[in-house]
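Each chain, written out:
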Amino acid sequence: MIVRTWMDKIFHLRACDTTIQRELLAGFISFVTIVYIVAVNASILQDAGIPMEAGILATVLTAFVGALLMAFWANAPIILVPGMGINALFTYTLCHTMGLSWQEALAAVFVSGLIFAVIAFSRAATVLSNAIPTSLKEAITVGIGLFLTFIGLQKGGLIVTNPSTFVALGELSSPHVIVTLATLIITLILFVRNVPGNFLIGIAAGTGLGFLFGIVEPGSGGGFSFAEYGHVFAGFSFSGIWTLPFWIATFSLAMVIVFENIGLIHGHTAMAGQPQKFRRSLQANAVSAALSGMLGSSPTVSTVESAAGIAAGGRTGLTALVTGTLLLGSLGLIPLVKMIPDGAIAPVLIIIGALMLQNVQNINLKDFSEGFPAFLIIAIIPLSYSIVDGIAFGFVAYPLLKLALGKRREVPALLYVIAGLFLLNLVLPVLA
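So, here's what we can say about the structure.

## A few points about the overall build of the protein chain
- The helix and strand tally for the protein chain stands at 20 helices and 4 strands.
- Overall, the C-alpha framework of the protein chain stretches about 65 × 55 × 45 Å when taken along its three principal axes.
- Per-residue burial over the protein chain gives 56% buried out of 432 residues.
- Partitioning the contacts of the protein chain with sequence separation of at least 6, the portion at a separation of at least 24 is 79%.
- Charge-centre separation for the protein chain: the mean point of 18 positive side chains lies 16 Å from the mean point of 17 negative side chains.

## Concerning a nonpolar patch on the surface
- Taken together, Val127, Leu244, Leu414, Val417, Leu421 and Leu424 make up a surface patch of nonpolar side chains, about 460 Å² in accessible area.
- Here the nonpolar patch takes 4 residues from helix α20 (residues 413-431), the largest share from any one element.
- When you line up the elements, leucine 244 lands in helix α12 (residues 244-271).
- Taking relative accessible area as the criterion, leucine 244 reaches 30% and is therefore assigned partly exposed.

## Observations regarding helix α8 (residues 134-155)
- When the terminal C-alpha atoms of α8 are compared, their 32 Å separation across 22 residues agrees well with the 32 Å that a helix rising 1.5 Å per residue should span.
- Burial runs high along α8: 16 of the 22 residues are buried.
- At the exit of α8 stands glycine 157, carrying a positive phi of roughly 80 degrees.

## What to know about the packing of helix α9 (residues 175-192) against helix α10 (residues 198-212)
- Viewed as axis vectors pointing N to C, α9 and α10 meet at an angle of 155 degrees, and their least axial separation amounts to 9 Å. Looking at the two axes, α9 sits roughly antiparallel to α10. The hand of the α9/α10 crossing is right-handed. Each of Val179, Ala182, Thr183, Ile186, Thr187, Leu190 and Phe191 in α9 lies in contact with α10, whose residues at this interface are Asn198, Phe199, Ile201, Gly202, Ala205, Gly206, Leu209 and Gly210.
- Its residues assigned to classes, the contact of α9 with α10 comprises 9 nonpolar, 6 polar and no charged.

## Concerning the pattern of salt bridges
- Tallied over the entire structure, the rule returns 6 salt bridges.
- A salt bridge links lysine 338 to glutamate 53, with the shortest nitrogen-to-oxygen separation between them at 2.6 Å. One end of the pair, lysine 338, is in the loop between α16 (334-337) and α17 (342-357); the other, glutamate 53, is in helix α4 (residues 52-74), and 285 residues separate them in sequence.
- Note on lysine 338: relative accessible area 26%, which makes it partly exposed.
- Between glutamate 410 and lysine 402 there is a salt bridge whose closest N-O contact spans 2.9 Å.

## Concerning α10
- A rise of 1.5 Å per residue sets the reference length of α10, with its 15 residues, at 21 Å; its end C-alpha atoms lie 21 Å apart and thus fit the reference within 8%.
- Along α10, the residues that are buried comprise Asn198, Phe199, Gly202, Ile203, Gly206, Thr207, Leu209 and Gly210.
- Elements that come into contact with the buried residues of α10 comprise α3 (37-48), α9 and α17.

## Points about the packing of aromatic side chains
- Under the defined criterion, the tally for this structure stands at 16 aromatic pairs.
- For the pair tyrosine 92 and phenylalanine 147, a centre-to-centre distance of 6.1 Å together with 80 degrees between the ring planes defines the contact as edge-to-face. Taken together, the positions of tyrosine 92 in helix α5 (residues 86-97) and phenylalanine 147 in helix α8 put the pair 55 residues apart, joining distant regions of the chain. No difference in accessibility class separates tyrosine 92 from phenylalanine 147, as the two residues are buried.
- Geometrically, the ring pair formed by phenylalanine 191 and phenylalanine 199 is stacked, given 5.7 Å between the ring centres and 5 degrees between the ring planes.
- Put simply, the rings of Tyr92, Phe147, Phe150 and Tyr385 touch in pairs and so form one group of aromatic residues.
- Sitting over the ring of tryptophan 73, arginine 280 keeps its end group 3.7 Å from the ring centre.

## Topic: the side chain of threonine 319
- Along the chain, threonine 319 falls in helix α15 (residues 317-329).
- A relative accessible area of 0% places threonine 319 in the buried class.
- Residue contacts for threonine 319: discarding those within four places in its chain leaves Glu23, Ala26, Gly27, Ser30, Pro77, Ile79 and Gly314.

## A word on the environment of tyrosine 229
- Mapped onto the elements of the fold, tyrosine 229 is located in helix α11 (residues 229-232).
- Using a relative accessible area of 8% as the deciding quantity, one classes tyrosine 229 as buried.
- It is 4.4 Å that separates the C-alpha atoms of tyrosine 229 and alanine 54, two residues lying 175 residues apart in sequence.
- Aside from chain neighbours lying at most four places away, what touches tyrosine 229 is Ala54, Leu57, Ala58, Leu61 and Leu295.

## Section: the environment of phenylalanine 393
- Within the element layout of this structure, phenylalanine 393 appears in helix α19 (residues 387-404).
- A sequence separation of 260 residues divides phenylalanine 393 from proline 133, and the C-alpha atoms of the two residues are 15 Å apart.

## Some points on the pairing of strand β3 (residues 166-169)
- Bridge count for strand β2 (residues 159-162) against β3 is 4 bridges, and the pairing is antiparallel. Bridged to asparagine 162 within β3 is phenylalanine 166.
- The turn joining β2 and β3, which pair antiparallel and follow one another in sequence, is formed by 3 residues.

## What to know about the nonpolar core
- In terms of nonpolar packing, the biggest core is built from 114 residues, with Tyr36, Val40, Phe90, Phe395 and Phe422 touching the most fellow members.
- If you tally residues by element for this core, the top one is helix α6 (residues 102-120), at 12 residues.
- Excluding its chain neighbours within four sequence positions, the residues that come into contact with phenylalanine 422 are Phe251, Ser252, Met255, Val388, Ile391, Ala392, Phe395 and Val396.
- Membership of the second largest hydrophobic core comes to 8 residues, among which are Met7, Leu13, Ile20 and Val322.

## With respect to the side chain of threonine 207
- Looking at the secondary structure, you find threonine 207 in helix α10.
- For threonine 207, the side chain forms a polar contact with the main-chain oxygen of isoleucine 203, separated by 2.9 Å.
- Discounting residues that sit within four places of it in the chain, threonine 207 has contacts with Met339, Ile340, Pro341 and Ala344.

Thresholds applied
- Residues numbered from 1 in each chain as written.
- Predicted model: local features only at pLDDT ≥ 70, side-chain atom pairs only at ≥ 80, totals over all residues.
- Heavy atoms only, no water.
- Helix = DSSP H or I, 4+ residues; strand = E, 2+ residues; numbered from the N terminus.
- Buried < 20%, exposed > 50% of the residue type's maximum accessible area, 1.4 Å probe, protein only.
- Contact = heavy atoms within 4.5 Å.
- Lys, Arg positive; Asp, Glu negative; His and termini not counted.
- Charge placed at Lys NZ, Arg CZ, Asp CG, Glu CD.
- Patch = residues over 30% accessible without salt bridge, like charges linked within 9 Å, V, L, I, M, F, W, Y side chains within 5 Å.
- Areas by Shrake-Rupley, 256 points an atom, 1.4 Å probe, with all protein chains shown as cover.
- Salt bridge = Lys/Arg side-chain N within 4 Å of Asp/Glu carboxyl O.
- Expected span 1.5 Å × (residues − 1).
- Axes fitted to C-alpha atoms, helices over the stretch in contact; angles between N-to-C directions.
- Parallel < 35°, antiparallel > 145°, perpendicular 65-115°, else oblique.
- Left-handed = near helix turned anticlockwise from the far one by under 90°.
- Nonpolar A, V, L, I, M, F, W, Y, C, P; charged D, E, K, R; others polar.
- Phe/Tyr/Trp six-rings, centres within 6.5 Å; stacked < 30°, edge-to-face > 60°.
- Lys NZ or Arg CZ within 6 Å of the ring centre and 35° of its normal.
- Pairing = 2+ DSSP bridges.
- Core = buried A, V, L, I, M, F, W, Y, C linked by side-chain atoms within 4.5 Å.
- Polar contact = N/O pair within 3.5 Å; in protein donor to acceptor, adjacent residues only side chain to side chain.

As structure tokens, then:
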């Protein structure tokens, strides 16, 4: 009785028409649907140079801190974890293409999170969102989706480099590719049938197949220690803060996390019938994104999987707290997570990429001045292996086409400024 009263006082359970039991169940369901992110995000961070164990710890701790913020500041059943797509931006664009070290990239995450916080705690979120055309915002999501798919195909061995054609189909008879294809089929069947924890089950099945085909050695996960994480926690470096690439990276990160989270949080609070929690939820997300840089991970987002907990009856921050606590408990499974092969992770990236592709239907392709800049973003992001370059081409082309058609009034003044910054990022390296 005392616990129930205490819970009701903190989370306002009766006012939100829910119970402790319902919130616990919703939190558990959210955990089952999102726990796959621990392995997937750590794998992508490892490509940036962050050790696997440290990446796992960073992912879990970031999600747990996000859960605390969402639970006690916003009292919303929304789960914050390092975002798919944004982690690709962190690793493959900031580190691989722009040349930032992972320490400098973490600094960019921290600063972009602070920018997000300024926006979330003011009215700037509405101004910025209104300044970017819908076609460009949707194109960023689609382009990142294709990029994730491309990365998944590479990790799975289905696409390999080729000296003549740049890329080619991998060797379908190799054990690595067989595991990828088999895992993709299993995961797809589970996904289309809406099986709870479909991605998690798929990854587990892929790891089992990895054992059978000899690409995973029993006991290869070993033990784990916190030693490596000591170099990642607060390991950001501001050595490049006076360079243009650092600020282009920071601005791009801020723009993506702001737009993505405004849409996701708006949808989640509406689904829960609590639109009044939007502002505080966005603020919690912003602070969490900034802390991600300190904790050693790419920024957090309001994950799509939050909808599973909300659909199960989650209405308060207790749902988020339960999910975060369970994710923290998953640290005991680090030796198992380290054994997961790329072939088991690749299908998740491919399917998530396909889901993000659905946003293309929101782009007005019949208006060429809207459709062509969007097309440039969608095409250049995966083909250049750079999310920032893809965004830059689209944002520069948009005002140019509008001006050519005499539609300058359709372009907000702020968009000209943003386009100018992206143009500088494209031109200055050529002039240097």
